[in-house]
Each structure stands twice: as structure tokens, then as C-alpha cells.
Amino acid sequence: MFTSRMPLPPMESALTQRLQSAIAAAPDYRITFAEFMDWALYDPQAGYYSASARQLGPQGDFITAAHLGHDFGELLGEQLAEMWHHLDCPTPFDIVELGPGQGLIAADVLNQLARQHPQCLPAVRYTLVERSPALMAMQQQRLAPWQRQGCEIRWCDLSEIAPDAVEGCIFSNEWVDALPVHRVVLTEVGLQEQYVTLGSTPDRPFAFTLGPLSDPAIADDLAMVGVQIAPPAYPLGYTTEVNLAALDGLAQLARRLRRGYLLTVDYGYPAHRYYAPSRSQGTLQCYWQQRHHDDPLYAVGQQDITAHVDFTALERQGERCGLTTLGFTQQGLFLMALGLGDRLSAIAQAKTADINQALRRRDALHRLIDPTGLGNFGVLVQGKGLDAAVHKPLKGWAVPPLTLV
Ligand SMILES: C[S@@+](CC[C@H](N)C(=O)[O-])C[C@H]1O[C@@H](n2cnc3c(N)ncnc32)[C@H](O)[C@@H]1O
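Residues numbered from 1 in each chain as written. Predicted model: local features only at pLDDT ≥ 70, side-chain atom pairs only at ≥ 80, totals over all residues. Heavy atoms only, no water.

Draft legend 1. Main features of the pairing of strand β3 (residues 124-129). Across the six residues that make up β3, a large majority, six, are buried. Going residue by residue along β3, you find Val124, Tyr126 and Leu128 tucked away on one face and Arg125, Thr127 and Val129 tucked away on the opposite face as well. When strand β2 (residues 93-98) meets β3, the two strands line up parallel, connected through six bridges. Opposite Asp94, over in β3, you have Arg125 as the bridge partner. At this point the chain moves from β2, through helix α5 (residues 104-116), to the parallel β3, and the crossover so formed is right-handed. Note that β3 and strand β4 (residues 152-155) share four bridges and pair parallel. The partner of Thr127 across the bridge, within β4, is Arg154. Read from β3 through helix α6 (residues 133-148) to β4, the crossover connection turns out right-handed. (Buried < 20%, exposed > 50% of the residue type's maximum accessible area, 1.4 Å probe, protein only. Helix = DSSP H or I, 4+ residues; strand = E, 2+ residues; numbered from the N terminus. Pairing = 2+ DSSP bridges. Right-handed = clockwise from strand over helix to strand, strands pointing away.)

Draft legend 2. The arrangement of the site of the ligand in detail. Taken together, the neighbourhood of the ligand is formed by 20 residues, with Tyr42, Thr64, Gly99, Glu130 and Asn173 sitting nearest. Between the ligand and Thr64 there is a distance of 2.7 Å, counted from an oxygen atom to a side-chain nitrogen or oxygen. In this structure, an oxygen atom belonging to the ligand sits 2.5 Å away from a side-chain N or O atom of Glu130. (Near = heavy atom within 4 Å. Polar contact = N/O pair within 3.5 Å; in protein donor to acceptor, adjacent residues only side chain to side chain.)

Draft legend 3. Main features of the packing of aromatic side chains. Under the defined criterion, the tally for this structure stands at 12 aromatic pairs. A centroid spacing of 6.3 Å and a plane angle of 50° characterise the contact between Phe33 and Phe208, whose relative ring orientation is tilted. Note that Phe33 is positioned in helix α2 (residues 33-42) and Phe208 in strand β8 (residues 204-211), a separation of 175 residues in sequence. For Phe33, a relative accessible area of 0% corresponds to the buried category. Every member of this aromatic cluster is reached through a ring pair, and the members are Phe33, Phe36, Phe206 and Phe208. Residue placement shows Arg183 over the ring face of Phe33; its charged tip is 5.5 Å from the ring centre. Taking NZ or CZ as reference, Arg279 lies 4.0 Å from the ring centre of Tyr269, over its face. (Phe/Tyr/Trp six-rings, centres within 6.5 Å; stacked < 30°, edge-to-face > 60°. Lys NZ or Arg CZ within 6 Å of the ring centre and 35° of its normal.)

Draft legend 4. Spotlight on the environment of Met336. With respect to the helices, strands and loops of the structure, Met336 is situated in helix α11 (residues 331-337). Between the alpha carbons of Met336 and Lys351 there is a distance of 23 Å; along the sequence they are 15 residues apart. Look past the residues within four positions of Met336 in its chain and what remains in contact with it is Gly341 and Ile369. (Contact = heavy atoms within 4.5 Å.)

Draft legend 5. Structural detail: the sheet that holds strand β12 (residues 285-288). The strand order β13-β12-β14 describes an open sheet built from three strands, whose pairing is antiparallel. The sheet is open, and its two borders are formed by β13 (291-293) and β14 (304-306), each paired with just one other strand. When strand polarity is set aside, the average angle formed by the axes of neighbouring strands in this sheet is 30°. Relative to β14, β12 runs antiparallel, the two sharing three bridges. Residue pairing in the sheet places Cys286 in a bridge with Ile305 of β14. (Axes fitted to C-alpha atoms, helices over the stretch in contact; angles between N-to-C directions.)

The following block contains the structure:
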């Protein structure tokens, strides 16, 4: 929750009114939390991600690995180049990036390929799948120089990519956590769903209400990951999230991938930790100006809303859709395996006139691998259409994950 000492973001009245009208017109005067989150983040005019491209970054509400210098994207470029070789150097080599934000990672990947893998770059067909018009415009501006140099770069909706059209790698960084989630609550009558209804006062335009599960897929997802939220193991009031959009997205991606890899970087846990009885209020978080709190009904459209990722669900759903799990590790280990340690040593050995700049860069590299922060993000790689010959180990997953209980 916001504390009294924190300045509050302004209310977004146009979006609030549109949402109130939608709720007033809905059966039982309520919409699922997933529908609410979808409006709050992606309403085409006033949604958090649609309205501006400035919410990400040090001056915005939160940063991602892409804002800590060029290293994350460049090291990812190293992994992509190896995948191209493993696939026998196809042309086109598809790189499909989901939720590319400000286009920083794409630019760093292309730079790395241009500098270190010039034979791979001409084969690349880079596709950006972005829902926010404001962010897409920023990506287009950032990548225009690459297009002028002849790189094949395109933007499209996932639905515009034909089945089996992708040979290469589909990847995302902090995309899955930005998808709308359903929320469930354990009550005396069993597992119920949390809906959003109209609030009773002008300063609280929305309120939570409970009802039956809106979609049988919610219970299916929990069963798929082997979780049964019921007493006595779980306390009454236990609240958590189910990301059906991620499962649907994964099914769509699997259909489009003919041969290659699906690489997901995000914060989250395997199911037994995600749905631990002690995590009694779930993982939902809201971000505003580098602070986080847990009130998604406040300042709708002005703040990010996000939930951690259940990596077990991604693995199991992937298997249902013909994907094979090839590896899972943590971001710190992934980046170290791809050469981040060499970059740290190079800073230590370099004779630089600007010591402050060197220290800032070293600090950024440490943040990328910090086991209490970005370094603990999960990095999952799944594959499809890979015969035994291309089941070669991938550099990024050379070090297995540290075991977490
Ligand atoms: C948390 S940001 C991550 C941005 C970027 N990947 C980075 O690491 O800086 C989430 C991104 O996913 C995009 N996004 C969310 N849902 C999407 C969808 N269904 N299709 C395409 N993009 C989506 C958002 O607009 C935003 O660009």
C-alpha cells in the first residue's frame, strides 16, 4: 500500500470513467481482475503502456536489464549467434522479440551481431511484437538507422505471423510479467475468483468482489502444475494469480515456431515456490516512480501492475504444445556464461582516465548478476523441431541453476 509519506500519482479520470461504464454494463456489475488489468495497462488511449513511452527507465517508474547499459542485449546477441550456428546458419534467421519496450535490447543485439558476428547479421529477420503504439513508435525511431543499413526489421502482431513461419529464436525480457492475470482467493466455499466492481466513494472508484471462477482454464492451470489450493495446507484468504494469457501466448508461439528456440527471461519461481502456502497474498505488485506497493485499484493507468511468472506453468504448457524444455537457469549465471565475467575483468584491467565512468559500469554489471535482484531472474529455453544434431548444449545454460527451495 502507499504510505502517508508517499506522494500519490494523479487519478486518470477518462480511463476511470470508461472502466466504470464497462463495469456498470457487465453482468453482475463486475469484470475479472485480468480484464481490469488489461484496461489499466493497455487501453489504447489511456492505458499505462499505451499512453507514453517514458514509463520505463531511470526517469520513469521502473528499470529493466536493458537500462543498465548495453551488456544485457549484447550478451543475449552472443547467445543468439550461437543458436544461429546450431541451426546450421539459416537465412532468414528469425529473431522475434516480444514486448520490446523502448527497443534498447534490439539495438544492442544488432550491434553485437554487427561487431562480433558479421556473417550472421545479414541473415537476421528481426520481428518486434509490441502492443503499445507509443513504445512501438520509439522502437521504430531507435531502429531506423539499422533499417537504412539494409537490416530486415518489421513490426507485427503475433496473429500476423503464419503458423510454422519462424525459424530462429523467439525471446522476451519481462514480457510475461506484464500480461494480465486472473486472481483467486481461498474462501470458506472453496477457491473463488477476485473481480473488480464499482467502489462506493469518489476517491475509491473501484472495489474487489468475489465470485465463481470465470474460466475452467484457471483450475486446469493449477492442476497442470500440481497445486491444490485448499485447507488445511492453505489458509483462508490465501490470494494468488493465474496467468492464462501466458499459457495462451505460449500456445500461439509454439504454433508459429517451426524450428528453433523460445527464450524467456523474467522474474518468477517454479510452481512449488510460487504457490507456497506462506506466500499468502500472491505476487502482484504495482510500480510508480521506482517505488512499489500492492494496490492495483489506485491511479488506474498511471502505474504499472505486474505479477511474477510461474515457470513450471510455462514448461508444462510448452510440453503440451510440442516444445521441449532445454534449460533453465538464473540470469546471473546465464550472463556470466556468456562472458559478463570477462567484461568485469576488462574493466578492472583497463587504464581509464574516467574512474567514475568505470565504477558506474562495474556497478551496472554487478546489478545484472545480483542474486538478490536481476541476477535471480529465471531464464528458460524451450525448443521445437530440433533433431538430435541440433540438441547441442547452449552456452547460456552451461551452468545449471542454483537450487532454491
Ligand atoms: C515490462 S515491459 C518490458 C520491456 C522490455 N522488454 C525491456 O526489457 O525493457 C513489457 C513490454 O511488453 C509489452 N507488451 C505487453 N503485453 C503485450 C502483448 N500482448 N503483445 C505485445 N507486447 C506486449 C509492453 O507494451 C512493454 O513493451
